[in-house]
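Letter by letter, the chains look like this.
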Amino acid sequence: MVPAELERQIAQLHPASFAWALACTRWNAAEAEEVLQSVYLRILDGRARFGGRSSFKTWLFGVVKNVAAEHRRRRWLEELVPWRWGGATPPAEPSGGGPAEALESAQRGARVRHALARLGARQRQVLELVFFHQLTLEESAAVMGVALGTARAHYHRGKLRLLALLEPEDLR
Amino acid sequence: MKPDDAEARIRAALGEAHRDDGAQTPSFERVWRAARQGDRARPSALTWLVTCASLVAAMGLAAWLVSRLGPPPAPLPTGTHWRGPTDFLLETPGLVTLRTVPELGSTSADPLLRPPVDERRGTP
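Procedures and definitions
- Residues numbered from 1 in each chain as written.
- Chains lettered and ligands numbered in written order.
- Predicted model: local features only at pLDDT ≥ 70, side-chain atom pairs only at ≥ 80, totals over all residues.
- Helix = DSSP H or I, 4+ residues; strand = E, 2+ residues; numbered from the N terminus.
- Buried ≥ 20, exposed ≤ 12 C-beta atoms within 10 Å, placed from the backbone.
- Contact = placed C-beta atoms within 7 Å.
- Core = buried A, V, L, I, M, F, W, Y, C linked by C-beta atoms within 7 Å.
- Domains from an automatic or database assignment.
- Nonpolar A, V, L, I, M, F, W, Y, C, P; charged D, E, K, R; others polar.
- Axes fitted to C-alpha atoms, helices over the stretch in contact; angles between N-to-C directions.
- Parallel < 35°, antiparallel > 145°, perpendicular 65-115°, else oblique.
- Left-handed = near helix turned anticlockwise from the far one by under 90°.
- Expected span 1.5 Å × (residues − 1).

Undergrad: Residues and numbers for the overall build of chain A, please.
TA: The number of helices and strands found in chain A is seven helices and zero strands. When each of the 172 residues of chain A is scored for burial, the buried share is 38%. Of the contacts formed within chain A by residues at least 6 apart in sequence, a portion of 62% connects residues at least 24 apart.

Undergrad: Please set out the nonpolar core residue by residue, giving values where relevant.
TA: If you look at the biggest cluster of nonpolar residues, it comprises 48 residues, and the most contacted ones within it are Ala21(A), Val35(A), Tyr40(A) and Val64(A). In terms of domain composition, this core takes at least three residues from each of domain 1 (1–86) and domain 2 (98–172) of chain A.

Undergrad: A description of the interface of chain B and chain A should follow, citing residues and the corresponding values.
TA: A common way to state how big an interface is: give the accessible area lost once the parts meet. Contacts between chain B and chain A engage 24 residues on the former and 33 residues on the latter. For the side of chain B that touches chain A, the secondary structure elements donating two or more residues are helix H1 (3–17), helix H2 (21–24) and helix H3 (28–41) of chain B. For the side of chain B that touches chain A, the residue count by class is 11 nonpolar, four polar and nine charged.

Undergrad: Lay out the packing of helix H1 (residues 3–24) of chain A against helix H3 (residues 56–80) of chain A in plain terms, naming residues and giving numbers.
TA: All names here are of chain A. In the contact formed by H1 and H3, the axes pass within 10 Å of each other and the chain directions differ by 40 degrees. In terms of axis orientation, H1 runs oblique to H3. The interaxial crossing formed by H1 with H3 has right-handed handedness. Contacts from Gln9, Leu13, Ser17, Trp20, Ala21 and Cys24 in H1 reach Phe56, Lys57, Leu60, Phe61, Val64, Lys65 and Ala68 in H3. Along the lines of polarity and charge, the residues of the contact of H1 with H3 split into nine nonpolar, two polar and two charged.

Undergrad: Which residues make up helix H5 (residues 121–132) of chain A, and what values go with them?
TA: Residues and elements named next belong to chain A. With 12 residues, H5 should reach 16 Å at 1.5 Å per residue; the first-to-last C-alpha distance of 16 Å fits that figure. Most of H5 is tucked away: 10 of the 12 residues are buried. Once H5 finishes, glutamine 134 follows within two positions and takes phi at roughly 60 degrees, a positive value.

Undergrad: Please set out the packing of H5(A) against helix H7 (residues 148–165) of chain A residue by residue, giving values where relevant.
TA: Residues and elements named next belong to chain A. As a packed pair, H5 and H7 sit with axes 8 Å apart at the nearest point and diverge in direction by 90 degrees. Comparing their axes, H7 and H5 come out roughly perpendicular. Side by side, H5 and H7 meet where Arg122, Gln123, Arg124, Val126, Leu127 and Val130 of the first sit next to Ala151, His154, Tyr155, Arg157, Gly158, Lys159, Arg161 and Leu162 of the second.

Undergrad: Explain helix H6 (residues 137–144) of chain A to me, and be specific about the residues and the numbers.
TA: Residues and elements named next belong to chain A. All of the buried residues in H6 are Glu139, Ser140, Ala141, Ala142 and Val143. Buried residues along H6 sit against H3, H5 and H7. Of the residues flanking the end of H6, it is glycine 145, one or two places downstream, whose phi is positive at about 75 degrees.

Undergrad: Any chance you could break down unusual backbone geometry for me, citing the residues and the numbers?
TA: Residue and element names in this part refer to chain A. In this structure, arginine 26 is a non-glycine residue whose phi angle is positive, near 55 degrees. Relative to the helices and strands, arginine 26 resides in the loop between H1 and helix H2 (29–44). Within the chain, tryptophan 27 stands out as a residue other than glycine whose phi angle is a positive 60 degrees. Examined against the element boundaries, tryptophan 27 turns out to sit in the loop between H1 and H2.

Undergrad: Please set out the environment of Val64(A) residue by residue, giving values where relevant.
TA: Residue and element names in this part refer to chain A. Summarising the element assignment, valine 64 is placed in helix H3. Residue valine 64 is classed as buried on the basis of its C-beta count, with 26 C-beta atoms lying within 10 Å. For the pair valine 64 and alanine 32, spaced 32 residues apart in sequence, the C-alpha separation works out to 9.3 Å. Those residues in contact with valine 64 that lie beyond four places of it in its chain are Ser17, Trp20, Ala21, Cys24, Val35 and Val39.

Structure (structure tokens):
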């Protein structure tokens with residue numbers, strides 16, 4: 001792919017990529033930005049190449065997921081070092097204030113994020129990809145690097161679990 | 001709750017979860033530029049190759065110099081030449097007889113079994 005065309009496609013998918021990076025980092029905006037920067041760096045230096053075996057979005061989301069997993073492992077190792085204890089960045093909290101409706105919406109969003117955080121990683125990922133990013137189950141399986149049957153099982157279990165975790169007012 | 005209904009509600013709930021994403025999203029130009037700068041700051045593969053090759057060459061040279069400057073290594077005792085301190089206990093009187101083939105007409109090879117020579121024989 002021509003570099004200019006590559007840059008154009010990445011720019012077009014940037015908001016969706018950031019939303020996916022947020023989901024992969026449990027809504028830590030600073031970490032999501034770091035992940036996205038690492039992803040772009042890998043694409044620029046050729047460590048991540050689009051082979052054309054899937055759609056560009058599926059491939060890019062797969063890279064984001066892998067880089068986020070690496071970041072999470074590195075962060076976990078850093079937290080093991082005694083002098084770094086307590087140094088981890090806390091997840092971003094929803095911004096408060098504003099009109100009552102916006103506040104209620106923000107609180108509802110926070111409750112949904114909290115419920116999602118209680119799901120298994122793969123259940124959370126497949127629900128995000130299918131319901132928010134509008135990917136098919138096949139594409140979601142490709143992003144997650146699992147078999148279609150595995151993705152389907154996580155999808156069904158995750159859906160039931162999320163419905164059980166959310167309160168009725170969150171599902172309006 | 002019907003399955004379609006449940007899916008629509010999950011979709012709406014996830015939409016709520018991502019409601020603030022737009023405000024948090026950094027501009028593409030900023031992230032792209034930072035990645036480009038990181039790309040330039042990273043040493044290239046050729047730089048890594050040259051560095052590693054230099055390091056290996058320096059280590060090889062150091063090893064060669066040390067081997068030249070040091071004293072020659074003493075020959076190590078081998079098992080074939082080693083003789084145990086208590087081996088003399090195995091030297092028994094019949095050992096020579098056991099290890100040699102006797103010849104007809106010859107006296108015993110074992111000095112311990114040989115009859116003593118009478119030095120007085122033949123003297124007046």
